[in-house]
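Below are the chains, spelled out letter by letter.
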Protein chains: 2
Amino acid sequence: MAGPNTAWPEEQREEVLRFIERFASQMADAGWQRMPARVVAALMATDSGALTAAELAEMLRVSPAAVSGAVRHLTRLHMAVREREPGSRRDVFYVRDDLWQDVIAGRDRLLDNFEESLTMGVAAVGHDTPAGRRLAESAEFFSFLQKEMVEVLDRWREHREALREGHSGS
Amino acid sequence: MAGPNTAWPEEQREEVLRFIERFASQMADAGWQRMPARVVAALMATDSGALTAAELAEMLRVSPAAVSGAVRHLTRLHMAVREREPGSRRDVFYVRDDLWQDVIAGRDRLLDNFEESLTMGVAAVGHDTPAGRRLAESAEFFSFLQKEMVEVLDRWREHREALREGHSGS
DNA sequence: CATAGAGTTCACGCAATTGTGAAACTAGTG
DNA sequence: CACTAGTTTCACAATTGCGTGAACTCTATG
């Protein structure tokens with residue numbers, strides 16, 4: 001019944017809550033909905049990386065209904081995973097370890113849509129007009145960006161592996 | 001008095017408007033406010049790259065007040081430029097040619113804030129805890145991403161130059 | 001210095017979002 | 001098979017955001 005962070009001293013608990021709110025606000029600035037952002041932040045800041053709906057509700061001081069909505073949203077976007085341990089009645093929610101990597105990759109798919117629309121725009125204004133050239137260059141930019149991001153993420157995975165080995169070796 | 005696109009046949013005009021709305025909607029999905037997005041799309045799809053407030057209002061079928069608000073927002077973010085030709089009473093608004101490059105670079109600054117908050121989070125939960133390691137890795141990810149993006153944008157500028165020379169040469 | 005064109009500001013109202021409480025649903029447990 | 005813990009769903013209330021109309025400001029022109 002006690003939340004997973006109950007053992008923490010009061011002061012530290014508050015500090016963690018401050019981090020959660022602050023980080024969630026920044027996610028909101030970046031276009032996220034408030035509650036899903038808070039849930040993700042809470043999960044990230046929990047040792048096990050997993051919490052039940054009730055624990056989330058208590059931690060974030062919101063109703064179970066709000067948690068339910070946020071979690072549904074997150075699982076739809078594959079940003080959180082629901083799991084129920086057999087012989088238990090409560091669901092547990094995880095964040096995937098490479099969450100942010102996936103988010104960035106997902107943003108990339110958005111860029112793809114941009115490129116598609118821009119190409120439609122080029123056809124609409126005419127490809128041999130100043131506007132057409134401007135739109136075409138923008139489309140090219142997003143295309144370029146997308147290809148580059150794939151490689152950046154590949155390099156990240158390498159970099160991360162190196163980091164992890166470094167840590168276990170020290 | 002006639003808008004800059006009045007000469008276009010009705011059908012093409014409609015097609016351009018469809019592009020504007022579609023592209024603006026995608027920008028909205030990416031976290032933009034609706035009206036600023038529509039203004040940017042309209043400017044991009046105009047040959048001169050510039051329109052007056054009145055022209056924007058007519059093109060987007062909104063009140064001058066709405067245009068004023070959107071444009072103020074855009075100029076605050078340095079995403080549009082206001083200019084008044086001497087001896088004229090009307091302001092003209094431009095989009096910068098490397099608009100999207102700047103937008104992406106700006107997003108990068110957001111990542112910087114993320115990294116900062118995450119580092120605070122590490123301190124809050126303790127750097128030698130599972131949560132601390134998770135937060136630290138996320139911070140490292142954003143840091144990595146930011147450095148990589150600088151290089152990606154450099155490469156884009158090179159790539160763009162090559163493209164432009166190719167076009168003028170053909 | 002009066003007039004009129006161009007844009008801005010502000011108070012209002014409509015619409016969309018978001019969180020809540022209460023009831024309903026689901027699945028373990030005795 | 002009733003009971004109960006845990007979660008979801010739904011209607012509603014509160015908040016926020018966004019565009020409009022009307023009044024206001026600023027500046028070029030006669």
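Since the model is a prediction, treat every value here as computed from it, not as a measurement.

Quick notes on the rules
Residues numbered from 1 in each chain as written. Chains lettered and ligands numbered in written order. Predicted model: local features only at pLDDT ≥ 70, side-chain atom pairs only at ≥ 80, totals over all residues. Heavy atoms only, no water. Helix = DSSP H or I, 4+ residues; strand = E, 2+ residues; numbered from the N terminus. Rg over C-alpha atoms; globule rule 2.2 N^0.38 Å. Buried < 20%, exposed > 50% of the residue type's maximum accessible area, 1.4 Å probe, protein only. Contact = heavy atoms within 4.5 Å. Areas by Shrake-Rupley, 256 points an atom, 1.4 Å probe, with all protein chains shown as cover. Lys, Arg positive; Asp, Glu negative; His and termini not counted. Charge placed at Lys NZ, Arg CZ, Asp CG, Glu CD. Near = heavy atom within 4 Å. Polar contact = N/O pair within 3.5 Å; in protein donor to acceptor, adjacent residues only side chain to side chain. Nonpolar A, V, L, I, M, F, W, Y, C, P; charged D, E, K, R; others polar. Salt bridge = Lys/Arg side-chain N within 4 Å of Asp/Glu carboxyl O. Patch = residues over 30% accessible without salt bridge, like charges linked within 9 Å, V, L, I, M, F, W, Y side chains within 5 Å. Axes fitted to C-alpha atoms, helices over the stretch in contact; angles between N-to-C directions. Parallel < 35°, antiparallel > 145°, perpendicular 65-115°, else oblique.

With that settled, consider the overall build of chain A. Check the secondary structure of chain A and you find 6 helices and 3 strands. If you list the helices and strands of chain A from N to C, you get α-α-β-α-α-β-β-α-α. For a compact globule of 170 residues, the expected C-alpha radius of gyration is about 15 Å, and chain A comes in at 21 Å, more than 25% above that figure. Of all 170 residues assigned to chain A, the portion counted as buried reaches 46%. Excluding contacts between residues fewer than 6 apart, the proportion of contacts in chain A whose partners are at least 24 apart in sequence is 53%. With an accessible surface of roughly 9100 Å², chain A has 51% of that area assigned to carbon and sulfur atoms. Considering chain A, the positive charge centre built from 22 side chains and the negative charge centre built from 28 side chains are found 6 Å apart.

Attention now goes to the protein's contact with DNA strand C. Close to DNA strand C lie 21 residues, the nearest being Met35, Ser63 and Arg89 of chain A together with Arg82 and Arg89 of chain B. Expressed as a percentage, the sugar and phosphate content of the atoms of DNA strand C within 4 Å of the protein is 85%. Here a phosphate oxygen of DNA strand C and a backbone polar atom of Ala54 of chain B are 3.5 Å apart. The set of elements that each furnish at least two residues to the surface near DNA strand C consists of helix H2 (34-44) and helix H4 (64-76) of chain A together with helix H3 (53-60) and helix H4 (64-76) of chain B. Residues that form the surface near DNA strand C fall into these classes: 8 nonpolar, 5 polar and 8 charged.

Using the criterion set out here, one finds 24 salt bridges over all chains in the structure. The shortest N-O distance in the salt bridge between Glu161 of chain A and Arg160 of chain A comes to 3.7 Å. Residue Arg160 of chain A is classed as buried on the basis of its relative accessible area of 12%. Its salt-bridge partner being Asp102 of chain B, residue Arg96 of chain B comes within 2.4 Å of it at the nearest N-O pair. Overlapping salt bridges bring together Glu137 of chain A together with Arg160, Glu161 and Arg164 of chain B as one network.

A word on a negative patch on the surface. Residues and elements named next belong to chain A. A contiguous patch of negative charge on the surface is contributed by Glu10, Glu11, Glu14 and Glu15. Positionally, Glu11 belongs in helix H1 (residues 10-29). Owing to a relative accessible area of 68%, Glu11 belongs among the exposed residues under this scheme.

Looking at the element boundaries, Gln26 of chain A is found in helix H1. For Gln26 of chain A, a relative accessible area of 12% puts it in the buried group. Of note is the side chain of Gln26 of chain A, whose polar atom sits 2.8 Å from the side chain of Ser117 of chain B. Setting aside residues no more than four positions away along its own chain, Gln26 of chain A makes contact with Leu110, Asn113, Phe114 and Ser117 of chain B.

This part takes up the protein's contact with DNA strand D. Near DNA strand D you find 19 residues, and of these Arg82, Arg89 and Asp91 of chain A together with Met35 and Ser63 of chain B are the closest. For DNA strand D, the backbone portion of the atoms within 4 Å of the protein, that is sugar and phosphate, comes to 80%. In this structure, a phosphate oxygen belonging to DNA strand D sits 3.2 Å away from a side-chain N or O atom of Ser68 of chain A. The set of elements that each furnish at least two residues to the surface near DNA strand D consists of helix H3 (53-60) and H4 of chain A together with H4 of chain B. Residue classes in the surface near DNA strand D are distributed as 8 nonpolar, 5 polar and 6 charged.

This part covers the packing of H2 of chain A against H4 of chain A. All names here are of chain A. Viewed as axis vectors pointing N to C, H2 and H4 meet at an angle of 85 degrees, and their least axial separation amounts to 9 Å. Relative to H4, the element H2 is oriented roughly perpendicular. Residues Met35, Pro36, Val39 and Val40 of H2 lie in contact with H4, whose contacting residues are Ala66, Val67, Ala70, Val71, His73 and Leu74. When grouped by side-chain class, the residues that make up the contact of H2 with H4 number 9 nonpolar, 1 polar and no charged.

Shape descriptors only; they carry no functional weight alone.
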